[in-house]
Amino acid sequence: MLETRRRLAGVLLAGLVGLLCGCASAPPPVMIPGEGMVSGAEVMATPSPINVYDPIEPLNRAIYQFNAVFDDYVFLPVVDAYEFVTPDFVEERVSDFFSNLLEIPTFANSLLQLKGERAGRAVTRFVVNTMFTLGFYDLAGARGIEPMPEDFGQTLGHWGVGNGPFLMIPVLGPSNLRDGTGILVDLASYYFIFPNEVTDTLAYKAGVYVLYPIDRRRNIPFRYYQTGSPFEYELVRLLYTQRRKFEIAN
Amino acid sequence: MRPTASLLLLVSAIMLRPAFAEAVDPYGYPFVDPLEATVLGTPPPYRAELPEEVPSRVRQLLIHPRRPIPEIFWYTSRFEYSVAAQPGRAPLVFVIPGTGADYNAVKTLIMQRILYKAGLHVVSLSSPIHPNFIVSASSTSVPGLIQVDAEDLYRVMQLAYRQIGDRLDVSRFYLTGYSLGATQAAFVAKMDDERGVFDFDKVLLINPPFNLYNSARILDDLFDNHIRSEADFNALFESMMTALAGAFQQTDAATIDEDLLYQVYRTNPPDDATLEALIGLAFRFVEANLTFSADVMSDAGLLVPRGVNLSITDSLTPYLRVGLRTRFEDYATRVLYPFYRTQNPGVSFEDMIRASSLQAIGDYLANSQKIGLMHNEDDITMAEGEIDYLEYLFGDRARIYPKGGHVGNLDYRDNVAYIIEFFGS
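Per-chain numbering applies: the sequence of each chain, read as written, is numbered from 1 onward. All chains are assigned letters beginning with A, and all ligands numbers beginning with 1, in the order in which they are written. In view of the model being predicted, local features appear only for residues whose pLDDT reaches at least 70, and side-chain atom pairs are presented and counted only at 80 or more, with totals across whole chains, interfaces and linings using the full set of residues.

Bringing the overall build of chain A into the picture now. Strands here are runs of E lasting at least two residues and helices are runs of H or I lasting at least four, both read from the DSSP assignment and numbered beginning at the N terminus. Secondary structure assignment for chain A yields 11 helices and four strands. Residues are called buried when their C-beta atom has 20 or more other C-beta atoms within 10 Å, exposed when it has 12 or fewer, and partly exposed otherwise; all C-beta atoms are positioned from the backbone. Relative to its full complement of 250 residues, chain A shows a buried share of 27%. For chain A, restricting intrachain contacts to residue pairs at least 6 apart in sequence, the fraction spanning at least 24 positions comes to 65%. Two residues form a contact once the distance between their C-beta atoms, set from the backbone, is within 7 Å.

This paragraph deals with the interface of chain A and chain B. At the junction of the two partners, chain A supplies 42 residues and chain B supplies 42 residues. Residue assignment for the side of chain A that touches chain B shows that the elements contributing at least two residues are α1 (2-21), β1 (30-32), α2 (40-45), α3 (57-85) and α11 (232-249) of chain A. For this classification, the nonpolar set comprises Ala, Val, Leu, Ile, Met, Phe, Trp, Tyr, Cys and Pro, the charged set comprises Asp, Glu, Lys and Arg, and every other residue, Gly included, is treated as polar. Across the side of chain A that touches chain B, the residue classes break down as 24 nonpolar, 13 polar and five charged.

Residue and element names in this part refer to chain B. Within the element layout of this structure, M374 appears in strand β7 (residues 371-376). Linking M374 and I206, residues 168 residues apart in sequence, is a C-alpha distance of 4.8 Å. If near-sequence neighbours (up to four positions away) are discounted, M374 is found in contact with L204, I206, R399, N415 and Y418.

Below, the discussion takes up the pairing of strand β3 (residues 90-96) of chain B. Residue and element names in this part refer to chain B. β3 sits mainly inside the fold: six of its seven residues count as buried. Sheet topology note: the β3/strand β5 (residues 170-178) ladder contains six bridges and is parallel. Across the sheet, the residue bridging to V95 is T176, located in β5. Bridge count for β3 against strand β4 (residues 121-124) is four bridges, and the pairing is parallel. Bridging across to β4, F94 finds its partner in V123. Since β3 and β4 lie parallel, the crossover through helix α3 (residues 106-117) that links them has a hand, and here it is right-handed. What makes two strands pair is DSSP finding at least two bridges between them. Place the viewer so that the strands point away; then a crossover is right-handed whenever the path from the first strand over the helix to the second strand goes clockwise.

Turning next to the packing of helix α4 (residues 88-112) of chain A against helix α5 (residues 116-133) of chain A. If you want to describe how two helices pack, look at the angle between their axes and the distance between the axes. Residues and elements named next belong to chain A. Helix axes use the C-alpha atoms of the stretch in contact, all axes being lines fitted to C-alpha atoms, and the angles between their N-to-C directions lie in the range 0 to 180 degrees. Where α4 contacts α5, the axes come no closer than 8 Å and their chain directions differ by 160 degrees. In terms of their interaxial angle, α4 and α5 are classed as roughly antiparallel. For the element pair α4 and α5, the recorded crossing hand is left-handed. Together, N100, E103, I104, T106, F107, S110 and L111 of α4 and R118, A119, A122, V123, R125, F126, N129 and T130 of α5 make up the contact between the two elements. Of the residues contributing to the contact of α4 with α5, the split by class is seven nonpolar, five polar and three charged. Comment on the angle field: the value is read as roughly parallel under 35 degrees, roughly antiparallel over 145, roughly perpendicular from 65 to 115, and oblique elsewhere. Here is the rule for handedness: rotate from the far helix to the near one, and if that takes an anticlockwise turn smaller than a right angle the crossing is left-handed, while a clockwise turn gives right-handed.

Turning our attention to the packing of α4(A) against helix α10 (residues 202-218) of chain A. All names here are of chain A. Two elements in contact, α4 and α10, have axes separated by 10 Å at closest approach and are oriented at 110 degrees. It follows that α4 is roughly perpendicular to α10 by the angle criterion. Mapping the contact onto sequence places E91, V94, S95 and F98 in α4 and L211, Y212, D215 and R218 in α10. Per-class residue counts for the contact of α4 with α10 are four nonpolar, one polar and three charged.

All names here are of chain A. Each domain span listed reflects an automatic or database assignment of domains. As assigned here, chain A comprises domain 1 (55-85 + 151-250) and domain 2 (86-149). If you average the C-alpha positions of domain 1 and of domain 2, the two centres end up 20 Å apart. Split by residue class, the side of domain 1 that touches domain 2 holds six nonpolar, five polar and five charged.

As structure tokens, then:
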């Protein structure tokens, strides 16, 4: 295990160095059964949905492995501990609370995409849930007003901004330049909405940077390497890209 | 019942009309088209009632401690399997999953729930052609020769039992497998009869392919008959995604799950050509995992040129793309056969194929009273005449259903009842 970690540290470093000198992204050579050896670039030259624009792939792959190890040794144990000490009822209240706060960027991004019905839905959900339960219970959802989340990445996509390079973000996972920018903008928007007296508190920071990630991880069933496929990175990259396409189109 | 489930019931009822009209067929599994059955399995209203989740633990074994593990397989150096233990004394059953599946695959989990309900300790392994098995457990790293794969499975079973046996109260041993796992189970059963380690009391083979190579050829053809070029592949992918996006847009669904897939199917039923291409594609992906993993482990030079050491920052995408175009025959002729010949000088390619067929142990299967067979008349992986031959071999130990495709009816009520009856009595 120690060896694994040391190897990973080395690999992360290798990925970084590769990125800095920009020389590590040529794919290795490939045998085509019955035809002989060709360069990886030649195989990739014809269009395919499996090709996703990924100019910093070596670094992204290194981060993917880092995320897998981080998940195993830090993230999931913390989530397990959280689930162990917290009653299910409380966990669900926490999830509902964060979902309710997400209605704020959903509202803003619905407006930015001129989606009036969605903006109205976000307001309704936020007002109903906040007034009656302080956001700790999704009363609106229970009455059939389901969430329709919109984020800034979707807004950019809606107005024609392309994916940009694929990004594997440490801890968070798959993204791309457009959606990564979106995450930062949505996160920053809370600092405009809430007064400094709120955002400067330890409770706010602990909530956003500790409890929220734990809650989010708890709600994602994905486990690294459970596909068993050596091409899991390709699968994750492809499915992420397709899913975002759907989310932007709808 | 969820609204999607009741919709499905309605849809299935409409689809069922021809079967009702005949009124002579008491077997109520809904899909008449074996391709639909293979892709869609058993719709919720037709499923047997099974425990939602079974208390199980994942265990790991280090089988080849001195084997060097290539960097890109750093995460899978230990063999993984799962154990679902009964509280008291009970028989223990080993489950060998289908082609490329592991203990956690959908169908393996269905098996686990059925067998747990039947009152057995359930030990679920992974298929010898799953990358985890290839890297951590296979003695040769080039699976596909059933005799050798069965040997590897038999060793894994013994090591697993050594690891967990102390904590289980085991009365006797059973064995089962579905799809390719069933074919392998037949060979393991014969091996155990000769060596007597477990002395299996009952063995149930569920939808075994008769001949691994014939079945692989059938599935490869499903793909190649429809996907003749990369442009065809891209078009298939696009149409799948368009169908999925359409369904995604019409519902409030925030995630892509089974319900959504049924819905896609309902709103946009694919024709048989698309179904065939999809089954072929799923098989091709499993094949790509197999050929690439075996190739890296054995440095056979099939997809990765000999001597190339892949690092974890290297792109594997070109190998996936070429892997999806590679047939099982390519692997068999370029990797398996050369290997087989070094071990068995003078054998022909055809000899090798025959040795991986149930026919090779036909006498044993015809005479071994403890082995049962559950199969489907319309299983798409069977070549002409193979089902009839199995029926002849097994006689009254064969339970052949008229419908179900390839393992599509595994959790249909009648099938589950039969499995439970087979092991429970």
